[in-house]
Amino acid sequence: MTAKWIGKRVIMGTIVLVIVSFLSFFIMHAAPGDPATAYYGGNSQTLTTAEKERIAQAFGLDKPILSQYGIWLREAVQGNLGYSAKEGRAVLTILLEKLPNTLQLVAITLLIVTITSTWLGLLAGMKEDSLLDRGLTIFSIASSAVPSFWLGILFMMIFSVQLGWLPSSGMSDVRGGGGIADRLHHIILPVTVLVLSHVGLFARFLQDCVKRESKSYYVQVARANGVAEREIRKYILRNSFIPYVNYIGVTIPSFFGGSIVVESLFGWSGLGQLLVKSVMVKDFPLLMGGVLIIGVVVVVSLIVIDVMMIVINPKLRRGVLR
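So, here's what we can say about the structure. (Residues numbered from 1 in each chain as written. Predicted model: local features only at pLDDT ≥ 70, side-chain atom pairs only at ≥ 80, totals over all residues. Heavy atoms only, no water.)

## Some remarks on the environment of Trp165
Relative to the helices and strands, Trp165 is located in the loop between helix H7 (148–162) and helix H8 (180–214). Through-space distance from the C-alpha of Trp165 to that of His185 is 9.4 Å; in sequence the pair is 20 residues apart. Look past the residues within four positions of Trp165 in its chain and what remains in contact with it is Phe159 and His185. (Helix = DSSP H or I, 4+ residues; strand = E, 2+ residues; numbered from the N terminus. Contact = heavy atoms within 4.5 Å.)

## Some thoughts on the nonpolar core
In terms of nonpolar packing, the biggest core is built from 56 residues, with Trp72, Leu81, Leu95, Phe202, Phe256 and Leu271 touching the most fellow members. The leading source of residues in this core is helix H10 (residues 229–266), at twelve residues. Not counting residues up to four positions away in its chain, the partners in contact with Leu95 are Leu81, Leu271, Leu274, Leu286, Gly289, Gly290 and Ile293. (Core = buried A, V, L, I, M, F, W, Y, C linked by side-chain atoms within 4.5 Å. Buried < 20%, exposed > 50% of the residue type's maximum accessible area, 1.4 Å probe, protein only.)

## What to know about a nonpolar patch on the surface
Taken together, Ile11, Ile15, Ile19, Leu23, Phe26 and Ile27 make up a surface patch of nonpolar side chains, about 610 Å² in accessible area. Given the relative accessible area of 58%, Ile27 is considered exposed. (Patch = residues over 30% accessible without salt bridge, like charges linked within 9 Å, V, L, I, M, F, W, Y side chains within 5 Å. Areas by Shrake-Rupley, 256 points an atom, 1.4 Å probe, with all protein chains shown as cover. Salt bridge = Lys/Arg side-chain N within 4 Å of Asp/Glu carboxyl O.)

## Brief notes about H7
For H7, built from 15 residues, the straight-helix expectation of 21 Å at 1.5 Å per residue is met to within 8% by its first-to-last C-alpha distance of 20 Å. At Met156, H7 shows its largest bend, some 30°. Every buried residue of H7 is listed here: Ser148, Leu151, Gly152, Phe155, Met156 and Ser160. At its buried positions, H7 is contacted by H8 and H10. Directly beyond the C-terminal end of H7, a positive phi value near 70° is found at Gly164. (Expected span 1.5 Å × (residues − 1). Bend = angle between axes of the 7 residues up to and from the residue.)

## Let's talk about the layout of surface pockets
Approximately 450 Å³ is the volume attributed to the second largest pocket. As for the second largest pocket, its lining consists of 23 residues, of which Val16, Val20, Gly295, Val298 and Val299 are closest to the centre. Elements with a minimum of two residues in the lining of the second largest pocket: helix H1 (2–30), H10, helix H11 (271–281) and helix H12 (284–312). With nine residues, the top contributor of residues to the lining of the second largest pocket is H12. Partitioning the lining of the second largest pocket into residue classes produces 17 nonpolar, four polar and two charged. (1 Å grid on protein atoms, 1.4 Å probe; cavity = no way out; pocket = protein on both sides within 12 Å on 5 of 7 lines; lining within 4 Å. Points joined across faces, edges and corners; volume = space filled by probe spheres on them. Nonpolar A, V, L, I, M, F, W, Y, C, P; charged D, E, K, R; others polar.)

## A closer look at the packing of aromatic side chains
On inspection of all chains with the given rule, the structure shows ten aromatic pairs. Centroid distance Phe25 to Trp72: 6.3 Å. Interplanar angle 45°. Geometry classified as tilted. In this pair, Phe25 is assigned in helix H1 and Trp72 in helix H4 (residues 65–77), connecting sequence segments 47 residues apart. Across the pair, exposure class does not vary: Phe25 and Trp72 are buried alike. Grouping aromatic residues by their ring pairs yields a cluster made of Phe202, Phe205, Phe241, Tyr244, Tyr247 and Phe255. (Phe/Tyr/Trp six-rings, centres within 6.5 Å; stacked < 30°, edge-to-face > 60°.)

## Structural notes on the side chain of Ser214
Relative to the helices and strands, Ser214 resides in helix H8. From its side chain, Ser214 meets the backbone oxygen of Val210 in a polar contact 2.8 Å long. Excluding residues that lie within four positions of it along the chain, Ser214 makes contacts with Met126, Val219, Arg223 and Ile236. (Polar contact = N/O pair within 3.5 Å; in protein donor to acceptor, adjacent residues only side chain to side chain.)

## Observations concerning the pattern of salt bridges
In the structure shown here, the tally under the stated rule is three salt bridges. We note a salt bridge from Arg89 to Glu97, for which the minimum N-O separation is 3.0 Å. Taking relative accessible area as the criterion, Glu97 reaches 41% and is therefore assigned partly exposed. Among the ionic pairs, Asp208 bridges to Arg204, the shortest N-O distance being 3.5 Å. With a gap of four residues between them, Asp208 and Arg204 both fall in helix H8, about one helical turn apart.

Laid out in structure tokens, this is it:
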């Protein structure tokens with residue numbers, strides 16, 4: 001029964017990917033510009049109308065958009081995402097080179113955010129109306145209001161320009177090296193910006209969950225019957241974690257959205273920076289491939305979160321096993 005439930009989630013995720021890919025395909029082709037501009041850049045000005053039409057026919061861009069999308073989808077299912085208009089290499093090869101860098105950035109950020117927000121949220125939630133409780137509320141509002149690109153520029157000015165402690169861009173030192181220590185040295189600022197953009201909201205969510213559970217009926221009954229406070233807190237924390245894990249799953253796409261800004265700002269060579277460059281040069285095959293890859297990663301992450309929810313939530317587990 002669990003396998004059947006996972007199968008349904010996979011089918012739903014596939015439908016979502018098809019819808020997202022179609023909308024992205026339509027929006028890209030509705031944007032101003034022509035195929036010659038994407039494939040020839042500044043040299044496209046020297047092409048005649050007949051040559052531009054020949055280029056469109058060669059790449060099937062003279063067909064209706066639904067036909068173009070059908071061809072692209074059929075090839076994508078077979079693992080062929082086409083060739084980059086600028087680099088001339090297979091899109092899938094380029095994406096697989098950049099994907100590990102983005103996953104590294106997102107994974108480290110998510111790990112730090114989860115650990116920090118869990119500690120802050122539980123501590124503040126169990127001490128309602130304390131200085132930590134009120135301070136966390138203010139911090140979550142402030143961190144969500146400050147744009148990540150502004151925070152990144154501020155950190156660059158302080159830690160890179162003025163203090164010279166951390167590199168402002170890139171993934172390795174131009175003088176060589178490129179080891180693990182060098183990579184960690186370059187990832188500190190991008191991760192810090194992403195963490196500060198998310199940790200306040202995560203901690204605030206868990207803080208509210210703990211407060212709500214602390215005021216629930218079963219807690220009041222347990223205290224009235226003399227149940228030890230340690231046991232009560234155990235149930236409060238366990239029940240608070242169920243919506244918190246679900247919240248993590250729902251907000252996973254925001255980490256990839258934030259990575260686009262951070263990667264472009266700090267020169268981190270990942271999918272986010274690649275997508276921005278693809279938009280600027282109108283490299284549609286590479287852009288579509290990037291959107292699809294990120295969509296697949298997000299859908300897989302959501303399925304993993306759903307499985308975790310079944311494991312930690314007995315009510316959902318009973319519903320799936322029926």
